[in-house]
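# Examining the three-dimensional arrangement
What follows is each chain in one-letter form.
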Amino acid sequence: GALLLDNGSWDRLGDKLKPEHFADETHRMVFAEVARQLGAGKSCDVVTVAMALGDRCSMEQVHQLAMYVPSSANLRRHADLVIERFKSRQLRAVTTETIQTYVIAIQVTRQWAKVRRFTIAAQQQMQRAVYLQAIQRRFRTADVSGFRIVNPAYAIVLQHHFKAMRQTGEGG
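Cut-offs applied
Along each chain, numbering runs from 1 in the same order as the chain's sequence is written. The predicted nature of this model means local features are confined to residues of pLDDT at least 70 and side-chain atom pairs, given and counted, to a pLDDT of 80 or more, with totals for whole chains, interfaces and linings taken over all residues. No hydrogens and no water enter the side-chain calculation; it runs on all heavy atoms of the structure. pLDDT is defined as a per-residue confidence score from the predictor, taking values between 0 and 100. Helix and strand assignments follow DSSP, with helices taken as H or I runs no shorter than four residues and strands as E runs no shorter than two, numbered in order from the N terminus. Salt bridges are counted wherever a side-chain nitrogen of Lys or Arg sits within 4 Å of a carboxyl oxygen of Asp or Glu. A 1.4 Å probe rolled over the protein chains alone gives each residue an accessible area, and that area as a share of the maximum for its type sets the label: buried under 20%, exposed over 50%, partly exposed in between. The directions from the helix axis to the C-beta atoms form the arc being described. What makes two residues a contact is simply this: any of their non-hydrogen atoms within 4.5 Å.

Before going further, it helps to spend a moment on the confidence of the model for the protein chain. Averaged over all residues, the pLDDT of the protein chain equals 80, while 79% of them reach at least 70. Of all secondary-structure elements in the protein chain, the lowest mean pLDDT belongs to helix α7 (residues 152-168), at 62, while helix α4 (residues 46-53) reaches the highest, 90.

Okay, here's the thing in structure tokens:
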């Protein structure tokens, strides 16, 4: 707005302020057009900026921006405030993205822990099944899983094998 009132204040602003510093799209478009016109050595006002923006921004919107600023005396301070708010928005965006990444990392870690527990349980079941099959082949019994053993003498040997399996941790 201040640049529309006093084109000469453009020199005091320098390259400090950029269109992307503005949060509002209308402010961004108006500033970009003012910067383009003043950068090309042309003077600008509400009418020339509104005409250049065409359908993207109305004359009334550009005029309201010029009306909100009583003078260009505090132009540098206003530019500093716009830049500070821009940096604050950027910081919030980075913080939000970091938090979202952290939450996703926690969820992935929890899923991997579940998969790992499932994998360990499956490996232990497989080890038990292989061990029981070996016992079935050795004692030629039809059903070791239910511990129905045909010959009572095999029961003593089988108990010894299960005790050894528990001590070595193979059976889980």
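There is more to say, and it comes next.
In this section: the pattern of salt bridges. The full count for this structure, using the stated rule, is four salt bridges. For arginine 77, the salt bridge identified is with glutamate 84, shortest N-O distance 3.6 Å. Look at glutamate 84 and you get partly exposed, because its relative accessible area is 45%.

Attention shifts here to helix α5 (residues 59-67). Residues of α5 that are buried include every one of Val62, Leu65 and Ala66, and no others. Taken end-on, α5 shows its buried residues confined to a sector of 100°, consistent with a single buried face. Exposed residues lying more than 90 degrees from the buried face of α5 are Glu60 and Met67. Structurally, α5 contributes buried residues whose contacts are with α1 (2-5), α3 (25-39) and α4.

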